[in-house]
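Summary of the model geometry
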Amino acid sequence: MFDTLNVFHTAQMMATHAGTRHAVVSRNMAHADTPGYRPADLSPFHEVAAQSAGAMRATRPGHLGGAQTRLPEPEPRADVVTDPNGNAVSLEAEMLTAVEAKRAHDRALSIYRSAMEIMRQSIGRR
Amino acid sequence: MTDFSDSLQMSVSGMRAQAMRLRLVAENISNADTPGYRRKTVTFEQAAGAEGAEGGVRSGRVKLDRSDLPRIHDPAHPLADASGHYAGSNVDLVIEVADSREAQRSYEANLKLFDQARQMSSSLRELLRR
């Protein structure tokens, strides 16, 4: 664990992903009554993590040969019901995604904090 | 951190647009009995965001309802013409109430998300303590 510190990196990615997803959901919610608006969403974090698992990662611009881990672009939601005015935002679905994002964010922060705690204890500080 | 300010910005734009809509509903209801008053409506459109990003919502121009004003028969009314009719307002209270409910619902949803983004960023800041 101590030579790569993967836990911190994954927790950070997860928190960033949750934050971006929340921003996307906020935009959908703001456009809840805009005619012709199609809601967008990010793919869930486990898919993003599965893509980058095992591959070499470039964590700095100077690193060669590693793929830069980046978050996916928001894509239009697939399973939507469109209103007569062309708007396809469902408040319930957006609420659900927002809560999911918040819980993922909380989880990521807990993981980060507990890993930090272990590090602190290992160097003898509390 | 920019994600959270994005998130807050979006929610605020949504709340502002819905508040504008609610204001027009209030104007319409208060003028429901004004002779010759036309119902005001507002359109929502997508605002251009910074650096080509998609922006939040913004309320467009206020438009007047073009439907015909009802002709009300009341010879004693000061505005009545020779046939005893005057033009009323085309505000329908049922529609206005339904519109205000929808605006309120959307406003609350935006407020919830605003609160959530604020909680998320403050819990992130909690990590720095200790």
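Details of the structure are given in the entry above.
The notes below deal with the structure included here. Values in this document were obtained by computation on a predicted structure and should not be read as measured data. (Residues numbered from 1 in each chain as written. Chains lettered and ligands numbered in written order. Predicted model: local features only at pLDDT ≥ 70, side-chain atom pairs only at ≥ 80, totals over all residues. Heavy atoms only, no water.)

1. Quick word on the overall build of chain A
In terms of regular secondary structure, chain A is built from three helices and four strands. Reading chain A from its N end, one meets helices and strands in the order α-β-α-β-β-β-α. Sequence separation of 24 or more characterises 75% of the internal contacts of chain A that already satisfy a separation of 6 or more. Carbon and sulfur atoms make up 55% of the accessible area of chain A, which amounts to about 7500 Å² in all. (Helix = DSSP H or I, 4+ residues; strand = E, 2+ residues; numbered from the N terminus. Contact = heavy atoms within 4.5 Å. Areas by Shrake-Rupley, 256 points an atom, 1.4 Å probe, with all protein chains shown as cover.)

2. A word on the overall build of chain B
Broken down by element type, chain B carries two helices and four strands. Each helix and strand of chain B, ordered N terminal to C terminal, gives the series α-β-β-β-β-α. Over its C-alpha atoms chain B spans a radius of gyration of 22 Å, topping by over 25% the 14 Å that the globule rule assigns to 130 residues. Along the first, second and third principal axes, the C-alpha atoms of chain B reach 80 × 30 × 20 Å. Per-residue burial for chain B yields a buried fraction of 35% across its 130 residues. Restricting to contacts in chain B with at least 6 residues of sequence separation, those with at least 24 account for 55%. In the form shown here, chain B has an accessible surface area of approximately 8100 Å², with 53% of it arising from carbon and sulfur atoms. (Rg over C-alpha atoms; globule rule 2.2 N^0.38 Å. Buried < 20%, exposed > 50% of the residue type's maximum accessible area, 1.4 Å probe, protein only.)

3. Re helix α3 (residues 91-122) of chain A
Between its terminal C-alpha atoms α3 of chain A stretches 47 Å, which fits the 46 Å expected from 32 residues at 1.5 Å a residue. Structurally, α3 of chain A contributes buried residues whose contacts are with α1 (6-30) and β1 (40-41) of chain A together with α1 (2-30) and α2 (93-126) of chain B. G124 of chain A, located one to two residues past α3 of chain A, shows a positive phi value of around 80°. (Expected span 1.5 Å × (residues − 1).)

4. Quick notes on the interface of chain A and chain B
Accessible area lost on assembly of the parts is the figure often given for the size of an interface. Taken residue by residue, the interface counts 31 residues in chain A and 32 residues in chain B. Taken together, the two surfaces of chain A and chain B that pack against each other cover about 2500 Å², and 60% of this comes from carbon and sulfur. Note that D33 of chain A is salt-bridged to R21 of chain B, the shortest N-O span being 3.0 Å. One can count ten residue pairs in polar contact (both at pLDDT 80 or more) joining chain A with chain B. Contributions of two or more residues to the side of chain A that touches chain B are made by α1 and α3 of chain A. Element by element, the count of residues in the side of chain A that touches chain B is highest for α3 of chain A, at 14 residues. For the side of chain A that touches chain B, a count of residues per class yields 15 nonpolar, eight polar and eight charged. (Buried area = accessible area lost by both parts, 1.4 Å probe. Salt bridge = Lys/Arg side-chain N within 4 Å of Asp/Glu carboxyl O. Polar contact = N/O pair within 3.5 Å; in protein donor to acceptor, adjacent residues only side chain to side chain. Nonpolar A, V, L, I, M, F, W, Y, C, P; charged D, E, K, R; others polar.)

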